[in-house]
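Chain by chain, the residues run as shown.
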Amino acid sequence: MARTREFDTEAAVSRAMELFWTRGYEATSVRDLTAHLGIGQGSLYAAFGGKDGLYRAALEHYRTTLAEAALCSLEEGADARSAIRTMLVERVRIAVEDDGRGCLVVNAACERLPEDAATRRAVRDMQDAGRDALADVLRVAAERGEIAKRHDPDTLAAFLVTFLNGLLVSAKITPDVRALEPLVEVVLAALD
């Protein structure tokens with residue numbers, strides 16, 4: 001008879017996400033994960049198929065929590081410039097936490113690509129969703145006259161995502177919001 005799972009998988013994924021985010025994939029062993037999650041190795045393999053499966057679940061958890069929150073903040077902004085500023089600054093604030101742990105998705109791209117095709121798909125999907133949400137905000141803003149119409153919204157959105165990726169890497173090098181926030185103002189000038 002199969003045993004019932006004796007731990008909360010959602011809570012385990014959330015805790016694993018934090019560990020992978022802080023330490024990275026390679027530096028996190030199965031032993032680290034089982035100790036951090038308070039589960040046995042057999043339970044980890046039964047629930048997630050191993051470290052890779054748990055890592056993918058952690059990336060998905062990041063997408064459905066923090067990444068989606070960032071996209072929602074774009075939709076809730078009073079005007080495009082303020083919404084984009086808020087989203088960028090909030091991403092910087094999260095990235096500098098814990099002595100500059102960065103962004104889990106950008107960290108995954110830097111550590112796992114190009115070898116890991118599944119991570120590439122997960123990262124690309126999140127990046128595409130962010131770019132598409134930004135492009136929608138920029139399109140509406142251009143129609144309202146909030147920003148200059150001289151740029152293609154899709155290209156400008158791709159530029160903002162690229163800037164954000166670089167900014168999040170910089171947050172690992174210089175985990176100081178005061179040093180990084182002024183860069184957001186510079187990039188917002190591209191909307192003029």
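Presented here is a report on the structure given in the accompanying data block. Since the model is a prediction, treat every value here as computed from it, not as a measurement.

**Examining the nonpolar core**
- Counting 61 residues, the largest nonpolar core has F20, L54, Y62 and I84 as the members making the most contacts within it.
- With 10 residues, helix 5 (residues 80–100) is the largest single contributor of residues to this core.

**Quick word on unusual backbone geometry**
- With an omega dihedral of 10°, the bond running from L113 to P114 counts as a cis peptide bond.
- Along the chain, the position of P114 falls in the loop between helix 6 (104–112) and helix 7 (117–144).
- The backbone phi angle of D98 is positive, close to 55°, even though this residue is not glycine.
- Considering the arrangement of structural elements, one finds D98 in helix 5.
- A relative accessible area of 53% places D98 in the exposed class.
- Of note, D99 is a non-glycine position whose phi angle comes to about 60°, a positive value.

**A closer look at the pattern of salt bridges**
- Under the definition given, this model contains 18 salt bridges.
- A salt bridge links R85 to E185, with the nearest nitrogen and oxygen atoms 2.7 Å apart. Taken as a pair, R85 in helix 5 and E185 in helix 9 (residues 177–188) lie far apart in primary sequence, 100 residues in all.
- Under the relative-accessibility criterion, R85 is labelled partly exposed at 26%.
- By relative accessible area, which is 40% here, E185 ends up partly exposed.
- Here D132 and R131 are joined by a salt bridge, their closest N and O atoms 3.2 Å apart.
- Residue D132 is classed as partly exposed on the basis of its relative accessible area, which comes to 38%.

Definitions and limits used
Residues numbered from 1 in each chain as written. Predicted model: local features only at pLDDT ≥ 70, side-chain atom pairs only at ≥ 80, totals over all residues. Heavy atoms only, no water. Core = buried A, V, L, I, M, F, W, Y, C linked by side-chain atoms within 4.5 Å. Buried < 20%, exposed > 50% of the residue type's maximum accessible area, 1.4 Å probe, protein only. Helix = DSSP H or I, 4+ residues; strand = E, 2+ residues; numbered from the N terminus. Salt bridge = Lys/Arg side-chain N within 4 Å of Asp/Glu carboxyl O.

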